[in-house]
Amino acid sequence: MEEENMRVKVMLLGPPGVGKTAIIYRFMYGQFHTDYEATVGIDYFTRHYTQGDKTTVVQIFDTAGQERFSSLVSAYMRDANIAVVAFDLSDAGSLTEGVRQIEAFRDSHGTDVPIILVGNKLDLNRALTKEEVRDCAKLQNVRCFETSAATGEGIEELFTCVAEIAQKPNVKLNPSPSVRLVSGELPKEEQKKGCCFS
């Protein structure tokens, strides 16, 4: 009997304008645009990750950053397996808001759900040093990446880390429902890359 694929539900959180949708479009389609419209509610994307004989369906939920959608976002977060919290490296205040969202996520999910902190817009002038970002991530006890959706830097590494976390035995996943896949598995050379730090 063929083994059923497992799915990992990833919530992409963060304040408005930090590039959450741009991160996903770069990962899914290898594209970047300068005219993304603000996400209204929730958008949903899927991608296969295959390693050995294990296939995981990575389901990415792109969430609206505006406060008026907070109750809707909270409803979708209930059975999340991993949270990715994005902020803007060129805006120091967005890191403060990102930390607030990490704390809110833990208030509702406890400390067992893995969280990754992602500083996006690496191609712009930094308002935060690498040391400040790493210190913040260590203080929050989360993994950390820096990315640029504009250039693609760090994007594959980020989602390879997501898939690797999903395949750890201590992460409880769910049988995959019928979903429309819009991309193939991650390239084999990307499967060997690890997380920034734990």
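Residues numbered from 1 in each chain as written. Predicted model: local features only at pLDDT ≥ 70, side-chain atom pairs only at ≥ 80, totals over all residues. Heavy atoms only, no water.

**Student:** Could you clarify how one ought to interpret the overall build of the chain in this entry?
**Tutor:** Across its full length, the chain carries five helices and seven strands. Beginning at the N terminus, the succession of helices and strands in the chain can be written as β-α-β-β-α-β-α-β-α-β-α-β. A buried classification covers 51% of the 198 residues belonging to the chain. In the chain, of all internal contacts separated by at least 6 residues, the share reaching a separation of at least 24 is 77%. Surface exposure of the chain reaches about 9,900 Å², of which carbon and sulfur atoms provide 48%. (Helix = DSSP H or I, 4+ residues; strand = E, 2+ residues; numbered from the N terminus. Buried < 20%, exposed > 50% of the residue type's maximum accessible area, 1.4 Å probe, protein only. Contact = heavy atoms within 4.5 Å. Areas by Shrake-Rupley, 256 points an atom, 1.4 Å probe, with all protein chains shown as cover.)

**Student:** In this structure, what is going on with the pattern of salt bridges? I would like to understand it.
**Tutor:** Between side chains of opposite charge, a pair can form as their charged atoms come close. For the structure shown, the criterion picks out four salt bridges. Among the salt bridges present, the one from aspartate 88 reaches lysine 121, with a minimum N-O distance of 3.5 Å. On the criterion of sequence distance, the pair formed by aspartate 88 in strand β4 (residues 82-88) and lysine 121 in the loop between β5 (115-120) and α4 (130-140) is long-range, its members being 33 residues apart. Arginine 100 is the salt-bridge partner of glutamate 97, the closest N and O atoms lying 2.6 Å from each other. One end of the pair, glutamate 97, and the other, arginine 100, are both in helix α3 (residues 92-109), three residues apart, so they sit about a helical turn from each other. (Salt bridge = Lys/Arg side-chain N within 4 Å of Asp/Glu carboxyl O.)

**Student:** Looking at this structure, how should I read the nonpolar core?
**Tutor:** Generally speaking, soluble globular proteins have nonpolar side chains that are buried together. Counting residues in hydrophobic clusters, the biggest one holds 28 residues, and the most contacted among them are Ile23, Ile116, Phe159 and Val162. Secondary structure elements with two or more residues in this core: β1 (6-13), α1 (20-29), β2 (42-51), β3 (54-63), β4, β5 and α5 (155-166). With eight residues, α5 is the largest single contributor of residues to this core. When neighbours within four sequence positions are excluded, valine 162 is seen to be in contact with Val10, Val58, Ile82, Val84 and Ile116. One finds Ala83, Leu122, Ala137 and Cys144 within the second-largest nonpolar core, a separate group that totals 22 residues. (Core = buried A, V, L, I, M, F, W, Y, C linked by side-chain atoms within 4.5 Å.)

**Student:** Explain the environment of alanine 127 to me, please; I cannot follow it from the model alone.
**Tutor:** Among the structural elements, alanine 127 can be located in the loop between β5 and α4. Alanine 127 sits in the partly exposed class, given a relative accessible area of 40%. C-alpha of alanine 127 to C-alpha of aspartate 88: the two residues are 39 residues apart in sequence and 8.8 Å apart in space. Discounting chain neighbours no more than four positions away, the residues touching alanine 127 are Leu89, Ser90, Asp91, Ala92 and Glu132.

**Student:** When you look at the confidence of the model for the chain in this model, what are you seeing that I'm missing?
**Tutor:** In low-pLDDT regions, the fine details of the predicted coordinates are not to be read closely. Across the chain, the average pLDDT comes to 78, with 71% of residues at or above 70. When the elements of the chain are averaged for pLDDT, strand β7 (residues 174-175) gives the smallest value, 50, and β5 the largest, 97. Scored below 50 in pLDDT, residues 175-198 shows 70 contacts in the model against residues more than four places distant or in partner chains. (pLDDT = per-residue confidence, 0-100.)

**Student:** Before we go on, may I ask you to explain the packing of α1 against α5 in this structure?
**Tutor:** The packing of two helices is summarised by the inter-axis angle and the distance between the axes. At a closest axis distance of 10 Å, the pairing of α1 and α5 adopts a crossing angle of 85 degrees. Considering their axes alone, α1 and α5 lie roughly perpendicular with respect to each other. Together, Ile23, Arg26 and Phe27 of α1 and Ile155, Glu156, Leu158 and Phe159 of α5 make up the contact between the two elements. (Axes fitted to C-alpha atoms, helices over the stretch in contact; angles between N-to-C directions. Parallel < 35°, antiparallel > 145°, perpendicular 65-115°, else oblique.)

**Student:** What should I look at first to understand the pairing of β4 in this one?
**Tutor:** Successive residues of a regular strand alternate their side chains across the two faces of the sheet. Most of β4 is tucked away: seven of the seven residues are buried. Taking every second residue as pointing to the same face, both faces of β4 are buried, with Ile82, Val84, Ala86 and Asp88 on one and Ala83, Val85 and Phe87 on the other. Tracing the backbone out of β4, into α3 and back to the parallel element β5 gives a crossover that is right-handed. (Right-handed = clockwise from strand over helix to strand, strands pointing away.)

**Student:** Please explain unusual backbone geometry as it appears in this structure.
**Tutor:** The phi angle of most residues is negative, glycine excepted, and most peptide bonds adopt the trans form. Its identity as a non-glycine residue notwithstanding, lysine 121 has a phi of 70 degrees, on the positive side. On the basis of relative accessible area, lysine 121 is assigned to the partly exposed category, the value being 23%.

**Student:** Looking at this model, I keep getting lost on α5. Mind explaining?
**Tutor:** Each full turn of the α-helix corresponds to 3.6 residues, which orients residues three or four apart in the same direction. Here α5 spans 17 Å end to end across twelve residues, near enough to the 16 Å set by a 1.5 Å rise per residue. In terms of burial, α5 is a largely internal element, ten of the twelve residues being buried. Residues of α5 that are buried include every one of Ile155, Glu156, Leu158, Phe159, Thr160, Cys161, Val162, Ala163, Ile165 and Ala166, and no others. (Expected span 1.5 Å × (residues − 1).)

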